[in-house]
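Structure at a glance
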Amino acid sequence: MPVIEMREALNQALKEEMTRDEKVFILGEEVAEYNGAYKVTKGLLDHFGPKRVIDTPISESGFTGLAVGAAMMGLRPVVEFMSFNFSLVAIDQIISNAAKMYYMSGGLYNIPMVMRGPNGAGPRVSSQHSHNMESVFAHFPGLHVMAPSTPRDAKGMLKAAIRCNDPVVFLENELAYNLKEEVPEGDFIIPIGKGDIKREGTDVTIIAWSRMMSLAKTAAEELAKDGINVELLDPRTLKPLDMDLIAQSVKKTNRVVVVEEGHFFSSLGAQVAESVYTNLFDYLDSPIARVYQSENPMPYAANLEAATLPSVDKIIKAVRQVTYKA
Amino acid sequence: MASVKKEMQSLSKEKMVEILEKMLTIRYFEEASIKAYQQKKIAGFLHTYIGQEAVGVGTLSHKLPQDSVVTTYRCHGLALTLGLDPKSGMAELFGKVTGCARGKGGSMHFFSKPHNFLGGHGIVGGQFGIGIGAAFKSNYDEDNAVSFIFFGDGATVQGTLHETMNLAALWDLPAIFICEDNQYGMGTANARAIANTDIASKAEAYGMKGHTLNGMDLNEVHSRMGEIVKEVRATRRPVLIHMKTYRYTGHSVSDAGLYRSKEEVDSYKLKDPTLAVAREMIENKMITEDELKALQKRIKATIQEAVDFAEESPEPPLEELTQHVFMDDVGNA
Ligand SMILES: Cc1ncc(C[n+]2csc(CCOP(=O)(O)OP(=O)(O)O)c2C)c(N)n1
Ligand SMILES: [Mg+2]
């Protein structure tokens, strides 16, 4: 199996799905002639032509709305946000239109549409370019939210998202585009709503997604040296959450650390913790610990940025806290 | 413009009766809905189309089956014009499962798939993208459909209009932007909200054609929109239409109308597009007084049937609560 980067895995998914279904097209800023701001769409213009690989002006609200209308009329748009920070300009289209359409039309108009692009903090890009949007989108019924942590998952999950008949918010990460892994060639699907155990363990379950899974892996390796055996659970789809998998893991380890890149308050991590408390309280041997971004806009200064974000050290500390092994 | 006056003579008697029937259907439907609202059978917001009938009927007379239509929350008139059964419209207002959106959309969110009616939308300026998306699809599939995008004067100052006019002009999308200028956004007169109230002139900024039409005159709307729709269908170039019209009722039923005078409203009622069409048809011997009365009676009966149907229909069963959130069942949602 070839070892490829995350960006190439995503590219394969797009290419395969566009080949499979003529109704799939991609639009966004710099996706065509520039080959994508992060090269995820590299070569697609040459392969499929300008009808299906479309450079847009900087009009997020306009082209996201266009995608909703095209989806209502039977096409299957993939919208690339150069980053999810800019999705805020289109948030009315995503929430009031894409998420609500099927329901408020009484089931007449579904929206088969994927919105994808990098989410979360980039390197040293400060306050307006570092938003984590998962908690916002996951709040509203009508959207699925997915966030792969590995190249293989990215490919299988994006293919599932494109085949879905409902709107999917697909969160990638700039710092993860060059992660490498063996990725199967050709068709395979990782279904929406299915999580994965990334490392089997017995002492504690770390629930983490997207780039935080890489940090959690490093933390798990460190902790193993001290005899703490960590299980790593990646929900992969953030909404709907794979509670079956979470239950299996928690029943085994009885301890939970939730790691997210986003902020502490009103967050997806808070929701994961709540779901565990509500459904699995009797299986817990200690309170859940959470690792998150501190409650300030992202600063530019290197030291302040590092202090704001979750880190391997913070994860290790949280694990020691729940396992009472300080 | 001489052709405008002759528009009615150029149309067949059958076509004119159909137009009048649509205008009266809207009028009586809306009047019945206001009554039902006062009886507390309808709740929430209720924005009626009374006074603006000539715009919708005169324009959508040129809609082909493959064309699509999207509009604001003031959506009942267009849906009925397209042929939505008044029963399913009224049932929607009553919040019944037999409604056109199964009682889940309500007054602001009528939809009709057979007519490509892509909805009534509640966010001012929220529907522009949907409209150009439908136009985009038409080019993608290389059919010859056009997309009718209706909006209020209040929406001309939303950024979405300008983004989507730019996109439509840039990409040659067959989008027909139709501003129904009833002179107010809620209680705000246009001059207090819009720096340049010559709305058609905004087209020029995007290299589009712009036209100003008297939206109270069915003949003018019908004839001019006939030419314009034909042109857009052929050239795939978007266009912006400024329809000058007026709403006789409040912004919604809860509006006391303190921001405009009774004289002003009455002056527009003298130009009532529905009455004008009926009058002209009699003058042109396209309908007799008796035939008109019979037609009015028949439409009133249809609307009463719709009200009865809505009243007797069941509410959505509780299982509907979580149905239609998603089309695909992905489990553990
Ligand atoms: C984005 C947004 N802001 C405010 C409102 C509240 N609102 C509903 S209708 C309306 C007036 C709109 O006027 P206009 O566009 O002229 O349409 P009309 O009601 O006259 O048909 C306002 C302010 C809204 N629905 N959406
Ligand atoms: Mg208005």
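One structure accompanies this document, and this report is about it. This is a predicted model, so every value here is computed, not measured.

Of regular secondary structure, chain B possesses 12 helices and eight strands. Taken over C-alpha atoms, the radius of gyration comes to 20 Å for chain B, in line with the 20 Å a tight globule of 333 residues would show. Overall, chain B is about 55 × 55 × 40 Å in size when its C-alpha atoms are taken along their principal axes. Taken across its 333 residues, chain B has 57% of its residues classed as buried. At a minimum sequence separation of 6, the contacts of chain B that also span at least 24 residues come to 75%. Accessible surface computed for chain B: about 13,800 Å², of which carbon and sulfur atoms make up 54%. Side-chain charges in chain B split into 37 positive and 43 negative, and the spacing between the mean points of these groups amounts to 3 Å.

Now for the nonpolar core. Formed by 78 residues in total, the largest nonpolar core has its most connected members in Met72(A), Met101(A), Met115(A), Ile246(A), Ile132(B), Phe136(B) and Phe177(B). Each of domain 1 (3-182) and domain 2 (196-323) of chain A contributes no fewer than three residues to this core. Discounting residues that sit within four places of it in the chain, Met72(A) has contacts with Met101(A), Tyr109(A), Asn110(A), Ile111(A), Phe111(B), Leu118(B) and Ile130(B). In this structure, Met16(B), Val69(B), Leu84(B) and Leu295(B) belong to the second largest nonpolar core, which totals 68 residues.

Quick look at empty space enclosed by the protein now. Residue and element names in this part refer to chain A. In the structure shown here, the tally under the stated rule is two cavities of 30 Å³ or more. By volume, the largest cavity is sized at about 30 Å³. If you trace the largest cavity, you find it lined by Asn119, Asn132, Glu134, Asn173, Trp209, Ser210, Arg211, Met212 and Glu261. Residue composition of the lining of the largest cavity, by class: two nonpolar, four polar and three charged.

This part takes up the interface of chain B and chain A. Every contact between the two is made by 45 residues of chain B and, on the other side, 51 residues of chain A. Of the roughly 3,900 Å² buried where chain B meets chain A, counting both sides, 66% is carbon and sulfur surface. On inspection of chain B and its partner chain A, the count reaches 15 residue pairs in polar contact (both at pLDDT 80 or more). Of all the secondary-structure elements, those providing two or more residues to the side of chain B that touches chain A are strand E2 (117-121), helix H7 (128-140) and helix H8 (159-170) of chain B. Partitioning the side of chain B that touches chain A into residue classes produces 21 nonpolar, 16 polar and eight charged.

Now for the coordination of the magnesium ion (ligand 2). Residues and elements named next belong to chain B. Each protein donor to the magnesium ion (ligand 2) is listed here as Asp153 (OD), Asn182 (OD1) and Tyr184 (O); together their distances run 2.1 to 2.3 Å. Counting gaps between the donor residues of the magnesium ion (ligand 2) yields the pattern D-x28-N-x1-Y. Placement of aspartate 153 in the loop between strand E3 (147-152) and H8 and of asparagine 182 in the loop between strand E4 (175-181) and strand E5 (184-185) is noted, with a sequence separation of 29 residues between them. For aspartate 153, a relative accessible area of 1% corresponds to the buried category.

Attention now moves to the packing of aromatic side chains. Counted under the stated rule, the structure contains 16 aromatic pairs over all chains. Members of the aromatic cluster, connected to one another through ring pairs, are Phe63(A), Phe81(A), Phe84(A) and Phe137(A). Lys87(B) extends its terminal NZ or CZ atom over the ring of Phe309(B), reaching a point 5.9 Å from the ring centre. The residue whose ring lies beneath Arg260(B) is Tyr184(B), and the NZ or CZ to ring-centre distance is 5.9 Å.

Now for the site of ligand 1. Residues and elements named next belong to chain B. Contacts to ligand 1 come from 15 residues, most closely from Tyr73, Arg74, Gly122, Gly154 and Asn182. For ligand 1, an oxygen atom lies 2.7 Å from a polar atom in the side chain of arginine 74. Histidine 251 is positioned with one of its side-chain polar atoms (N or O) 3.3 Å from an oxygen atom of ligand 1. Considering ligand 1 on its own, with 580 Å² of exposed area, one finds that the protein chains cover 72% of that surface. Across the shell around ligand 1, the residue classes tally to six nonpolar, seven polar and two charged.

What follows deals with the pattern of salt bridges. Residues and elements named next belong to chain B. Taken as a whole and judged by the stated rule, the model has 35 salt bridges over all chains. Close ionic contact of arginine 27 with glutamate 53 constitutes a salt bridge, the shortest N to O distance being 2.5 Å. Here arginine 27 is found in helix H3 (residues 13-38), whereas its partner glutamate 53 is found in helix H4 (residues 53-60), with 26 residues between them in sequence. Here arginine 27 matches glutamate 53 in class, with each residue buried.

Another point: the sheet that holds strand E1 (residues 68-72) of chain B. Residue and element names in this part refer to chain B. Taken together, the six strands give an open sheet; going across it, the order is E2-E1-E3-E4-E8-E7, and neighbouring strands pair in parallel fashion. Lying at the two open borders of the sheet, with one neighbouring strand each, are E2 and strand E7 (209-214). Between one strand axis and the next, the sheet turns through 15° on average, direction left out of account. In this structure, E1 lies alongside E3, joined through three bridges in parallel fashion. Of the residues in E3, the one forming a bridge with valine 69 is phenylalanine 148. With respect to the sheet, H8 is in contact with E3, E4 and strand E8 (239-244), its orientation differing from that of E4 by roughly 150°.

All names here are of chain B. Here helix H9 (residues 218-235) contains 18 residues, and its C-alpha end-to-end distance of 25 Å stays within 8% of the 26 Å for a straight helix at 1.5 Å per residue. In terms of residue burial, H9 counts as a mostly covered element, since 13 of its 18 residues are buried. Once H9 ends, the next one or two residues include arginine 236, with phi positive near 60°.

Bringing the packing of helix H9 (residues 243-253) of chain A against helix H10 (residues 268-280) of chain A into the picture now. All names here are of chain A. Two elements in contact, H9 and H10, have axes separated by 11 Å at closest approach and are oriented at 65°. Of the possible angle classes, the one that applies to H9 and H10 is roughly perpendicular. Seen from above, H9 lies across H10 with right-handed handedness. Of the residues in H10, those touching H9 at Met243, Ile246, Ala247, Val250 and Lys251 are Ser275, Val276, Asn279 and Leu280. Across the contact of H9 with H10, the residue classes tally to six nonpolar, two polar and one charged.

For the rest of this paragraph, the subject is the state of the cysteines. Residue and element names in this part refer to chain B. Counted under the stated rule, the structure contains zero disulfides over all chains. The thiol sulfur of cysteine 75 is not disulfide-bonded, and the nearest other cysteine sulfur, from cysteine 100, lies at 7.6 Å. A residue is classified by how much of its surface remains accessible, and cysteine 75, at 0% relative accessible area, is buried.

Our next topic: helix H12 (residues 289-312) of chain B. All names here are of chain B. Across its 24 residues, H12 extends 35 Å between first and last C-alpha, which sits within 8% of the 34 Å expected from 1.5 Å per residue. All buried positions along H12 are accounted for by Leu292, Leu295, Ile299, Ile303, Ala306, Val307 and Ala310. Buried residues in H12 make contact with H3, helix H6 (86-93) and helix H11 (273-283).

A separate point is unusual backbone geometry. In this model, Lys239(A) is joined to Pro240(A) through a cis peptide bond whose omega is 0°. Positive phi, close to 50°, is recorded for Glu142(B), a residue that is not glycine. A positive phi is found at His324(B), a non-glycine position, where the angle reads about 75°. With a relative accessible area of 16%, His324(B) lands in the buried category.

Reading the values: rules and limits
- Residues numbered from 1 in each chain as written.
- Chains lettered and ligands numbered in written order.
- Predicted model: local features only at pLDDT ≥ 70, side-chain atom pairs only at ≥ 80, totals over all residues.
- Heavy atoms only, no water.
- Helix = DSSP H or I, 4+ residues; strand = E, 2+ residues; numbered from the N terminus.
- Rg over C-alpha atoms; globule rule 2.2 N^0.38 Å.
- Buried < 20%, exposed > 50% of the residue type's maximum accessible area, 1.4 Å probe, protein only.
- Contact = heavy atoms within 4.5 Å.
- Areas by Shrake-Rupley, 256 points an atom, 1.4 Å probe, with all protein chains shown as cover.
- Lys, Arg positive; Asp, Glu negative; His and termini not counted.
- Charge placed at Lys NZ, Arg CZ, Asp CG, Glu CD.
- Core = buried A, V, L, I, M, F, W, Y, C linked by side-chain atoms within 4.5 Å.
- Domains from an automatic or database assignment.
- 1 Å grid on protein atoms, 1.4 Å probe; cavity = no way out; pocket = protein on both sides within 12 Å on 5 of 7 lines; lining within 4 Å.
- Points joined across faces, edges and corners; volume = space filled by probe spheres on them.
- Nonpolar A, V, L, I, M, F, W, Y, C, P; charged D, E, K, R; others polar.
- Buried area = accessible area lost by both parts, 1.4 Å probe.
- Polar contact = N/O pair within 3.5 Å; in protein donor to acceptor, adjacent residues only side chain to side chain.
- Donors = N, O, S within 2.8 Å, 3.2 Å for Na, K, Ca; no water.
- Phe/Tyr/Trp six-rings, centres within 6.5 Å; stacked < 30°, edge-to-face > 60°.
- Lys NZ or Arg CZ within 6 Å of the ring centre and 35° of its normal.
- Near = heavy atom within 4 Å.
- Salt bridge = Lys/Arg side-chain N within 4 Å of Asp/Glu carboxyl O.
- Pairing = 2+ DSSP bridges.
- Axes fitted to C-alpha atoms, helices over the stretch in contact; angles between N-to-C directions.
- Expected span 1.5 Å × (residues − 1).
- Parallel < 35°, antiparallel > 145°, perpendicular 65-115°, else oblique.
- Left-handed = near helix turned anticlockwise from the far one by under 90°.
- Disulfide = S-S within 2.5 Å.

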